[in-house]
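This is what each chain is made of:
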Amino acid sequence: MIKVGFIGAGTVAGLHAKALAEGGAGQLAGVWSRSHANAERFADQYGGTAHDSAEALLAQPDIEAVFILNASEAHADLALRSLEAGKHVLIEKPVGVTRGEVRRIRDAARASDRVCMPSHNYIYAPEVRRIHAHLTSGRLGRLNSFWALYNQRLPPEVGRPDPAMGGPDDPSRLRPALLRRPASLCRRHGLAGAFHQSRHDRPNHDHGRV
């Protein structure tokens, strides 16, 4: 069983912790968050050791892989540090905020001979796996481009006014009822995620150009 350390202890980290527990192939061994109180609460709920620093988590000898689940702007630095510490790495979307960051992570993973992968959950969805099978079999011919729509039901509070967004006449004050989600980009040798966020005139749909 692979021992895993989490960097980040938010909502997404909770989803990963539940997936680890249900999958049976991995076990949460440690967690670090900028808030040590959050890390302790997370460890109490899901297990593992709450660490005071990322360095302490990376120094935990039984941790073989690190899940980077915190703010996007910190992904590249923490991924590089994790790879340098000899850990396998899974990074939540987006991998980095620039192409240069992604390339540096790729090069570090190759140099350290460690697995480093993004958390592209949609490539495992039955619908995506089915279209991938059709594409690789040649049944659909040559693919040039396509559009994908993805809708998700969210709690009512997602669409409520956000006071931080401006006054009552500010159209951006209302959050869209459905959040943008990444689509999946089909390529010749498999699937890779195309993650981006953009505004659209129809907020009730998620339009991911693929």
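A brief look at the structure comes next. (Residues numbered from 1 in each chain as written. Predicted model: local features only at pLDDT ≥ 70, side-chain atom pairs only at ≥ 80, totals over all residues. Heavy atoms only, no water.)

## Examining the sheet that holds strand β4 (residues 65-68)
Consideration 1: Reading across from one edge, β3-β2-β1-β4-β5-β6 is the order of the six strands in this open sheet, with parallel pairing throughout. Two strands bound the open sheet, and with one partner strand each, they are β3 (49-51) and β6 (116-118). Averaged over all pairs of adjacent strands, the angle between their axes in this sheet comes to 25 degrees, without regard to strand direction.
Consideration 2: For strand β1 (residues 2-7) and strand β2 (residues 26-32), the ladder comprises six bridges, and the chain directions are parallel. Bridge pairing links V4 to L28 in β2. (Pairing = 2+ DSSP bridges. Helix = DSSP H or I, 4+ residues; strand = E, 2+ residues; numbered from the N terminus. Axes fitted to C-alpha atoms, helices over the stretch in contact; angles between N-to-C directions.)

## Description of the packing of helix α4 (residues 75-84) against helix α5 (residues 99-112)
Consideration 1: Where α4 contacts α5, the two axes come as close as 9 Å, and the packing angle between them is 5 degrees. One way to sum up the angle between α4 and α5 is to call them roughly parallel. Where α4 approaches α5, its residues A76, A79, L80 and L83 are matched on the opposing element by E101, R104, I105, A108, A109 and S112.
Consideration 2: Among the residues forming the contact of α4 with α5, the class breakdown is seven nonpolar, one polar and two charged. (Parallel < 35°, antiparallel > 145°, perpendicular 65-115°, else oblique. Contact = heavy atoms within 4.5 Å. Nonpolar A, V, L, I, M, F, W, Y, C, P; charged D, E, K, R; others polar.)

## Brief notes about the nonpolar core
Consideration 1: Core analysis: the biggest nonpolar cluster contains 19 residues, and L57, V66, I68, I91 and I105 have the highest contact counts within it.
Consideration 2: Among the elements that take part in this core, α4 stands out by supplying four residues, more than any other.
Consideration 3: The contacts of I68, once residues within four sequence positions are left out, are I7, H75, L78, A79, S82, V89, L90, I91 and E92.
Consideration 4: Listed in part, the 15 residues of the second largest apolar core include F6, L28, A65 and L69. (Core = buried A, V, L, I, M, F, W, Y, C linked by side-chain atoms within 4.5 Å. Buried < 20%, exposed > 50% of the residue type's maximum accessible area, 1.4 Å probe, protein only.)

## Topic: the pattern of salt bridges
Consideration 1: The tally for this structure, following the rule as stated, stands at five salt bridges.
Consideration 2: Note that R81 is salt-bridged to D77, the shortest N-O span being 2.9 Å. Taken as a pair, R81 and D77 lie in helix α4 at a separation of four residues, close to a single helical turn.
Consideration 3: With relative accessibility at 24%, the residue R81 sits in the partly exposed group.
Consideration 4: The residue R106 makes a salt bridge to D107 at a minimum N-O spacing of 3.1 Å.
Consideration 5: D107 sits in the partly exposed class, given a relative accessible area of 39%.
Consideration 6: Three or more residues joined by partner-sharing salt bridges are found here, namely E55, D77 and R81. (Salt bridge = Lys/Arg side-chain N within 4 Å of Asp/Glu carboxyl O.)

## Some thoughts on α5
Consideration 1: Between its first and last C-alpha atoms α5 spans 20 Å; for 14 residues at 1.5 Å apiece the expected length is 20 Å, and the two agree.
Consideration 2: Turning to α5, its buried residues number three or more, namely E101, I105, A108 and A109. Projected down its long axis, α5 carries its buried residues within an arc of 100 degrees, all on one side. Exposed positions of α5 whose direction lies more than 90 degrees from the buried face are R99, R110 and A111.
Consideration 3: Considering only its buried residues, α5 is in contact with α4, β5 (88-91) and β6.
Consideration 4: Following α5 by one or two positions, D113 has its phi on the positive side, about 55 degrees. (Expected span 1.5 Å × (residues − 1). Arc of directions from axis to C-beta.)

In short, shape yes, function no, at least from these values alone.
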